[in-house]
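Read off the chains here:
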Amino acid sequence: MSEYEPAFGSALATPRGEDDLAAVRRAFAAASRPYLSTPVSWLAWAALLPAAALLTPVAGRLADLRGVVLLWCGAILLGGLIEGGALLAARRRSGASPLGGWAMSLQGNLSLVGAALSAVLLALGGAHFLPGLWLLLLGHSFFALGSLALPAMRQAGFLYQLGGVAALLPGVPPLVAFAVASAAGNLWIALAVGRRRYEEPASSSS
C-alpha cells in the first residue's frame, strides 16, 4: 500500500494491515501531541513565511542577496523560537518520546536535503525555482507525517504541493504562490489543532 492511498480512501489493505497501521497511528498521534498541542506556532508560521516571501523582492532591491538571506534567516529564527518555546512547554507537561524525536530528526534531514538542492539551484542560476522546491519538499513531509499524526497535516501537505506545482508554472509568480500556499497550509493546521484542543475537554468531561 502506498502512502498516497489512505488520502483517497483506498480499501486495498488487508485486515491485518489495517490493524498494524491503526496501532502505528495511535502511537504516532500520542508522540506528536507536544508538537501539535497548540496552534500558536502554526499561526506564527502562517504569518512569517508569507511575509518573508512577499518582502523578498524588497530585501533584494535594498541589499541584494545579503538582504534576502538576512530576511529569511530572521523569519526562520523567529518562527523557530516561537515553535521551540511552544514545544518545550508542551514537553514539560506531557514529556518527550523516542518516536517524536525520530520525527524531528526526519524533518532535520529533509532540511539538509532542501539546503543542498537550494545551493545547486543558486549555483545554476535557478533561484526562481526555490519557492517551488521548498513547497514540494515541505508538502511531502506534511503529507507523510499527517498520515500518522493529524489528518489536517496531510491536507496541508496537498496545499503545499499544489502551491509548489503552481510556483513552477510559467507566468505564476513563485513567491506569491509560496505565500498563498504556506499561509493556507499553516492556517489549516492551526485551525485543526485549535479545534482538537477545544473538543478534547468536552469529550473527557462527557
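This text goes with the structure placed above it.
Residue positions are given per chain, counted from 1 along the sequence in the order it is written. This being a predicted model, a pLDDT of at least 70 is required before a residue's local features are given, and a value of 80 or more before pairs of side-chain atoms are given or counted; all residues contribute to the totals for chains, interfaces and linings. Hydrogen atoms and water are omitted, and side-chain values are computed over all heavy atoms in the structure.

## Remarks on the overall build of the chain
Comment: elements are numbered from the N terminus, with helices defined as DSSP H or I runs of at least four residues and strands as E runs of at least two. Within the chain, the secondary structure is distributed over six helices and zero strands. Within the chain, contacts between residues at least 6 apart in sequence are counted, and of these 70% link residues at least 24 apart. About 11500 Å² of surface is accessible on the chain, with carbon and sulfur atoms providing 72% of the total. Any pair of residues with heavy atoms lying within 4.5 Å of one another is described as a contacting pair. In these tables, accessible area is a Shrake-Rupley quantity obtained with a 1.4 Å probe, and a residue counts as shielded only by the protein chains included in the view.

## Observations regarding helix α5 (residues 151-168)
In an α-helix, one turn spans 3.6 residues; hence positions three or four apart end up facing the same way. Expected span, for any helix, means 1.5 Å times one less than how many residues it has. Here α5 contains 18 residues, and its C-alpha end-to-end distance of 26 Å stays within 8% of the 26 Å for a straight helix at 1.5 Å per residue. Here the term buried applies to any residue with accessible area under 20% of the maximum for its type, exposed to any over 50%, and partly exposed to those in between, with areas from a 1.4 Å probe on protein chains only. All of the buried residues in α5 are A152, M153, R154, A156, G157, Y160, Q161, G163, G164 and A167.

## Let's talk about the packing of helix α4 (residues 130-146) against α5
With their axes 7 Å apart at the nearest point, α4 and α5 run at an angle of 160° to one another. In terms of orientation, α4 and α5 fall into the roughly antiparallel class. Handedness of the crossing formed by α4 with α5: left-handed. Residue-level inspection shows P131, G132, L135, L136, L138, G139, H140, F142, F143, L145 and G146 of α4 in contact with α5, the latter providing P151, M153, R154, G157, F158, Y160, Q161, G163, G164, V165, A167 and L168. The classification used treats Ala, Val, Leu, Ile, Met, Phe, Trp, Tyr, Cys and Pro as nonpolar, Asp, Glu, Lys and Arg as charged, and all other residues, Gly among them, as polar. Split into classes, the residues belonging to the contact of α4 with α5 amount to 14 nonpolar, eight polar and one charged. Axis lines are fitted through C-alpha atoms, for helices just across the contact stretch, and the angle between N-to-C directions can take any value from 0 to 180 degrees. Orientation is classified from the angle alone, with under 35 degrees giving roughly parallel, over 145 giving roughly antiparallel, 65 to 115 giving roughly perpendicular, and any other angle giving oblique. The handedness criterion is simple: a crossing whose near helix is rotated anticlockwise from the far helix by less than a right angle is left-handed, and one whose near helix is rotated clockwise is right-handed.

## Side note on the packing of aromatic side chains
Two aromatic rings, drawn from Phe, Tyr or Trp (for Trp, its six-membered ring), form a pair once their centres lie within 6.5 Å of each other, and the interplanar angle then sorts them: stacked below 30 degrees, edge-to-face above 60, tilted otherwise. A full pass over the atoms with the stated rule returns four aromatic pairs. A centroid spacing of 5.9 Å and a plane angle of 65° characterise the contact between W42 and F142, whose relative ring orientation is edge-to-face. In this pair, W42 sits in helix α2 (residues 40-94) while F142 sits in helix α4, placing the two residues 100 residues apart along the sequence. For the pair shown, W42 and F142 are each scored as buried. Here the aromatic rings of F143 and F158 are separated by 5.0 Å at their centres, their planes lie at 70°, and the arrangement is edge-to-face. In this pair, F143 sits in helix α4 while F158 sits in helix α5, placing the two residues 15 residues apart along the sequence. Judged by its relative accessible area of 26%, F158 is partly exposed. Through successive ring pairs, a cluster of aromatic residues spans W42, F142 and Y160.

## Describing α4
With 17 residues, α4 extends 24 Å between its outermost C-alpha atoms, agreeing within 8% with the 24 Å of an ideal straight helix rising 1.5 Å per residue. Taken across its 17 residues, α4 has twelve buried, putting it largely inside the fold. Those residues of α4 that fall on the buried side of the exposure criterion are L130, P131, G132, L133, L135, L137, G139, S141, F142, F143, L145 and G146.

## Let's talk about the nonpolar core
We define a nonpolar core as any set of buried Ala, Val, Leu, Ile, Met, Phe, Trp, Tyr and Cys residues linked to one another through side-chain atoms lying within 4.5 Å. Ranked by internal contacts, the top residues of the largest apolar core, which has 27 residues, are W42, W72, L150, M153 and I189. Only α2, α4, α5 and α6 (174-205) provide two or more residues apiece to this core. Ranked by the residues each element gives to this core, the list is headed by α2, at nine residues. With residues near it in sequence (within four places) discarded, I189 still touches W42, F142, L150, A152, M153 and A156. Formed by five residues, the second largest nonpolar core is a distinct cluster that contains L110, L121, L133 and L137.

## Quick word on unusual backbone geometry
Positioned with a positive phi, D64 is a non-glycine residue whose angle comes to about 55°. Turning to its location among the elements, D64 is positioned in helix α2.

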